[in-house]
Structure formats: C-alpha cells, structure tokens
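Listed below are the residues making up each chain.
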Amino acid sequence: MRNFKIDGLNQLQNALKQAPEAANRGAVNGLHQSLAMWQRGSRGRSPVDTATLRRTIKTEVDENALKGTISSNTYRNGFNYSYYQHEVNGNEYLTDEYEASEERYRATIERNIDAELKKAGW
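What comes next is a walk through the structure. (Residues numbered from 1 in each chain as written. Predicted model: local features only at pLDDT ≥ 70, side-chain atom pairs only at ≥ 80, totals over all residues. Heavy atoms only, no water.)

## Description of the pattern of salt bridges
Part 1 of the reasoning: Applying the stated criterion across every chain yields a total of 5 salt bridges.
Part 2 of the reasoning: Between Arg 25 and Glu 116 there is a salt bridge, with the nearest N and O atoms lying 2.9 Å from each other. Of the two residues, Arg 25 is situated in helix H1 (residues 9-45) and Glu 116 in helix H4 (residues 93-119); the sequence distance between them amounts to 91 residues.
Part 3 of the reasoning: Glu 116 sits in the buried class, given a relative accessible area of 9%.
Part 4 of the reasoning: Two residues, Glu 103 and Arg 106, come together in a salt bridge whose shortest N-O distance is 3.8 Å. (Salt bridge = Lys/Arg side-chain N within 4 Å of Asp/Glu carboxyl O. Helix = DSSP H or I, 4+ residues; strand = E, 2+ residues; numbered from the N terminus. Buried < 20%, exposed > 50% of the residue type's maximum accessible area, 1.4 Å probe, protein only.)

This is the structure in structure tokens:
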C-alpha cells in the first residue's frame, strides 16, 4: 500500500465551507445591482408630467429570501396615477423595462456570484 498526499486539501476544504455564504453574498449584491438598473430603466420609460411618477419607483430587497420587488405608487387625491398609467393607459414602463433587460439582470447576478466564489477560493 502506498501513501500519498494531496496538496491544497486544506484550501479546498476552506473553499467548500465558504461557498454557501459567498454565493449568497454574491446573489444579494447582484440582486441589489439588478434592481437598481431596473429602476433606472423604468424611470427612463415612464411618462413625464411632473416627474412624480419617476420619483415613486422604488425597489426593495429581502436578503433572507433572495427576493426583490419594484413598485410604483403615485396617489393624487385618492387616485393611483401609477396604476392608471401602467395598467389602464398601457404604458407598462416597469414590465417593458424588465422584458427588455431580463438577460442583463440575470447576468449581473451571476457575475456577482462568480466574483464572490472566486474571492472564497473557487
């Protein structure tokens, strides 16, 4: 029987231990970046009257669930102008931006995960 030694085994074990946290960190960072890009793009697509609609496009990230939300709510005297523009008037600035850039958002999240995994030794 021969004995042998694997070089770098400790480094591999450390990388394996760090991988879940690193991947999560990358996903969270990528989600924040993607939602910020979606917000900017949606603002560029939204109709402009007083710019209130653009200012009300907000994002929120639930880091534990890895879930992001974008919303637009502009109320004037009980009237939801954002809903009217997006759903009734057909100016779907949130949806149109997402559909036009979905692959870019996905790639941003993947790049962030890859970067964090590399930092962790992968």
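## Focus on H4
Part 1 of the reasoning: Helix length check: H4 (27 residues) gives 37 Å between terminal C-alpha atoms against 39 Å at 1.5 Å per residue, within 8%.
Part 2 of the reasoning: By the burial criterion, the buried members of H4 are Tyr 93, Leu 94, Glu 97, Ser 101, Tyr 105, Thr 108, Asn 112 and Glu 116.
Part 3 of the reasoning: Contact partners of the buried residues in H4: H1, helix H2 (52-55), strand E1 (57-62), strand E2 (67-72) and helix H3 (81-88).
Part 4 of the reasoning: Positive phi appears at Gly 121, one or two residues downstream of H4, with a value of about 105 degrees. (Expected span 1.5 Å × (residues − 1). Contact = heavy atoms within 4.5 Å.)

## Quick word on the layout of surface pockets
Part 1 of the reasoning: In this structure, the largest pocket encloses a volume near 160 Å³.
Part 2 of the reasoning: Taken together, Leu 31, Ser 34, Leu 35, Trp 38, Gly 68, Tyr 98, Glu 102, Tyr 105, Arg 106 and Ile 109 form the lining of the largest pocket.
Part 3 of the reasoning: Counting only elements with at least two residues in the lining of the largest pocket, the list comes to H1 and H4.
Part 4 of the reasoning: Tallied by class, the residues present in the lining of the largest pocket amount to 6 nonpolar, 2 polar and 2 charged. (1 Å grid on protein atoms, 1.4 Å probe; cavity = no way out; pocket = protein on both sides within 12 Å on 5 of 7 lines; lining within 4 Å. Points joined across faces, edges and corners; volume = space filled by probe spheres on them. Nonpolar A, V, L, I, M, F, W, Y, C, P; charged D, E, K, R; others polar.)

## A closer look at H3
Part 1 of the reasoning: Inspection of H3 places Tyr 81, Ser 82, Gln 85 and His 86 among the buried residues, and these make up the whole buried set. Buried residues along H3 cover an arc of 120 degrees about the axis, so they all sit on one side.
Part 2 of the reasoning: Two to three positions downstream of the cap, the backbone nitrogen of Ser 82 sits 3.1 Å from a side-chain oxygen, assigning the N-cap of H3 to Asn 80.
Part 3 of the reasoning: Residue Gly 90 follows H3 closely and has a positive phi angle near 85 degrees. (Arc of directions from axis to C-beta. Polar contact = N/O pair within 3.5 Å; in protein donor to acceptor, adjacent residues only side chain to side chain.)

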